[in-house]
Amino acid sequence: MNPYSGVGFFEFFGVLLQRLFSGSSLVSDEVQLAVLCCSAVACGLVGPFVVLKKMALFANALSHTTLLGVACAFLLVGTTGGLLLGALVSALLTAAITELLGRVFRLSADASIGLVFSALFALGIVVVTVWLRNAHLGVEAVLGHADALQRSDLTLAVTLLGFNSVFVLVFHRQLALVAFDENLARTLGFSAVVWRVALFFLTALTCITAFRSVGVLVVLALLIGPYLTARLFCQRLGQLLLWTPVLGITACLIAVAASRSLLSTTGVPLSTAGILSVVIGLQFAVAATLKTLSTRRKICDTKIG
Amino acid sequence: MTLAEYFTDPILRAPSIGCMLMCMTAGVLGVVLFLQKKLLLSETVSHAAYPGALVGLIALALMGPEMEPYAFAAVLVGAFVFAWAGLKTVQFLENRFRIHADAALGFSLALFFGLGVLLTSWVQAVFPLWSNQAETLLFGQAATLTDGHLWVYGSLTAIVLTFVCLCFRPLQTLLFDRGSSAVERAVQLLLLLAIVVGIRSAGIILVAGMLIAPAVAARALARSLGPMFVWAAVFGGLSGFLGNVLTTHVRLPTGPAIVLVSTGFALLSLLVSPSRGVAFRFVRKYRFHLRCREENLLKELWKKGRMVRKGWVGFRLKQQGWVVRDGQWLHLTEDGKTKAAGIVRLHRLWELYLTEQLGVEAVRVHRSAEEMEHILTPELEERLTKVLANPEKDPHAQPIPPRRP
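Residues numbered from 1 in each chain as written. Chains lettered and ligands numbered in written order. Predicted model: local features only at pLDDT ≥ 70, side-chain atom pairs only at ≥ 80, totals over all residues. Heavy atoms only, no water.

### Some points on the pattern of salt bridges
Then, in step 1: On inspection of all chains with the given rule, the structure shows 14 salt bridges over all chains.
Then, in step 2: B:Glu294 is the partner of B:Arg316 in a salt bridge, and the nearest nitrogen-oxygen pair spans 2.9 Å. Of this pair, B:Arg316 sits in helix α14 (residues 312-319) while B:Glu294 sits in helix α13 (residues 278-304), placing them 22 residues apart in sequence.
Then, in step 3: Note that B:Arg345 and B:Glu381 form a salt bridge whose closest N and O atoms lie 2.8 Å from each other. A residue pair is termed long-range when its members are at least 10 positions apart, and B:Arg345 in helix α15 (residues 334-358) and B:Glu381 in helix α17 (residues 378-387) qualify at 36 residues.
Then, in step 4: Residue B:Glu381 is classed as buried on the basis of its relative accessible area of 12%.
Then, in step 5: The structure contains a network of salt bridges with shared partners spanning A:Lys53, A:Glu182, A:Arg186 and A:Arg196. (Salt bridge = Lys/Arg side-chain N within 4 Å of Asp/Glu carboxyl O. Helix = DSSP H or I, 4+ residues; strand = E, 2+ residues; numbered from the N terminus. Buried < 20%, exposed > 50% of the residue type's maximum accessible area, 1.4 Å probe, protein only.)

Right, here's the structure in full:
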């Protein structure tokens, strides 16, 4: 019996707190919350660098093309490890072809990203519908299965979280340097290429792993949204790296509680992934309104003073 | 099945003509976005239209199942409103909060599509009868287009083509400099319309691909704006038609089929375009490289008299009648001697020019001359001769071969 069945929005947190100290085994809501929070922190640590390096749409392209790799791996191998490997290969392929189109064919960045991702994604859908005869995989890849998460998803999310936090903690200086100013990085003796590729790998890994559990668009929302919200109030990268995950976790808590309480009150199982991205949007809207109001007051005060 | 049947058969004609018109329109508008470097805006706008389309469906579903014939109109209206909102969100984020276009596009894409996912789950739970329609929106389904849809597609295509023809000059100005805002607004309006209408045939996720690939293909072939529009329309129309043919034969979803065909066109024209194509660039490079090697061999033969050399370059020289083979030795013919002397003359003239006119030391001029001897044209040779007053010795006191008529 799920202790969360029938609880409202605020009761959810009460039950969560109670169960947190009772030490009982995880139920589905808690697994979901844990996976989302881990993904949120993992994305929150990488997100600032992704946005600073203007890789957001590249990350979007990456998460779309993953479908091709996943579908091919499903055809050939069929295990979870194989799927991840396939996703990684397709991410590399995306990056390589984008780079090739830019260098050899001299296309602008937006054109090459657009061309690659629409073509590879179309190919992915073709593989899924023609060979796998499983249109569901396509829909699931896009929408995620955030409402049917299992313990194995949690293991994956925790692994990603561990990897990302260690990497960002150890190398945040190099990442920041490359994100802000590649030329400076080069003059200081860092290889800009190595760190750019490292950042790319980190992004790809985050997208792929999180995509398996929460879907393409939640990854994108978690990578960009909390960072943009945090940036309204923080100026320094250190603070941003702290606040972005915190905002992400808050959004996840609100989203899971809202999803559960909506199920309790209306009986409609809504997509938690959808709710999560709406919550992230609302977070930004609230923060932006507060910021606007406070700047306006400051301006008024100075005028009067 | 013959080609004509795709245009006359009462069941086949609506999907094939519809896809053609749609992709033509999308291709033409894609050109404008391509030149503004805003192609990915179409991606965000199309994803933003998704929740709108669902809102339209939900509104109909609330009114009852007898409203199903109006689904196309309801989806159009809802999608248009939300696509517009998505566009405004991007602009708001960029202008008000000074967020870079990349992050602004990504963020609003995620938000609007998230709302769409939320609504999808609602439709699935509350109106299961309509959820099939909702899934069609994602990947597109051209096969069920009817003649009624053709009127919408046809008029949109007509509007876009008329607009491009009438406002050609203002468009040109706009692409150089974001000045004339009325035209820009009109372009945005048409873009929204095209994307919203295109969702029916290509699906939310790939409607952007319909704009991107024809524009890329057109850019590879055209040198100015007018031809680029024409090429984009041609490629768009062709890929719409062929994509639809693929759909009917192989049972692919329409959107991916169209995108794959048009990407194929884009890659092909990127490869083989006569002026900008990569294949021709490589061919030109290779031929220049080969000529350099031929000329170097000629020069060597001219200095040494005869040489042992096998291989492609020697064979090419023999083909052109500049050398003859005698056992294992290569000898220059009379023609070859003239040709080689001409190259040596260019080399030494350039060395002399560098030392006398540009003041470079004599020990440093050889490397530059090694490259210039392959590039200098007869006109330049004449000028160099005039400037240097028809010299006879180069800076290393070697004789400069006289000019041949």
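### Observations concerning the pairing of strand β2 (residues 323-326) of chain B
Then, in step 1: Bridge count for β2(B) against strand β3 (residues 329-332) of chain B is four bridges, and the pairing is antiparallel. When the sheet's bridge partners are listed, B:Val324 is paired in β3(B) with B:His331. (Pairing = 2+ DSSP bridges.)

### Considering the environment of B:Ile195
Residues and elements named next belong to chain B.
Then, in step 1: By secondary structure assignment, the location of Ile195 is in helix α9 (residues 181-202).
Then, in step 2: Between the C-alpha atom of Ile195 and that of Gly321, which follows or precedes it by 126 residues, the distance is 62 Å.
Then, in step 3: With residues near it in sequence (within four places) discarded, Ile195 still touches Ser42, Val45, Ser46, Val207 and Leu211. (Contact = heavy atoms within 4.5 Å.)

### Here we look at helix α3 (residues 56-76) of chain A
Then, in step 1: The end-to-end C-alpha separation of α3(A) is 31 Å, in line with the 30 Å expected for 21 residues at 1.5 Å each.
Then, in step 2: Approximately 25° is the largest bend angle found in α3(A), and it occurs at A:Thr65. (Expected span 1.5 Å × (residues − 1). Bend = angle between axes of the 7 residues up to and from the residue.)

### Describing the interface of chain B and chain A
How big an interface is tends to be expressed through the accessible area that disappears when the partners come together.
Then, in step 1: Facing the 51 residues of chain B at the interface are 53 residues of chain A.
Then, in step 2: Surface buried jointly by chain B and chain A totals about 4,500 Å² across both partners, of which 81% is contributed by carbon and sulfur atoms.
Then, in step 3: Interface area lost by chain B to chain A is led by B:Leu40, B:Asp102 and B:Phe107, which between them contribute 13%.
Then, in step 4: The tally of links from chain B across to chain A stands at zero salt bridges.
Then, in step 5: Put simply, chain B and chain A have nine residue pairs in polar contact (both at pLDDT 80 or more) between them.
Then, in step 6: Mapped onto the side of chain B that touches chain A, the elements with two or more residues apiece are α3 (40-63), α4 (71-96), α5 (101-126), α6 (131-139), α10 (207-221), α12 (254-272) and α13 of chain B.
Then, in step 7: Ranked by residue count, the leading element in the side of chain B that touches chain A is α5(B), at 17 residues. (Buried area = accessible area lost by both parts, 1.4 Å probe. Polar contact = N/O pair within 3.5 Å; in protein donor to acceptor, adjacent residues only side chain to side chain.)

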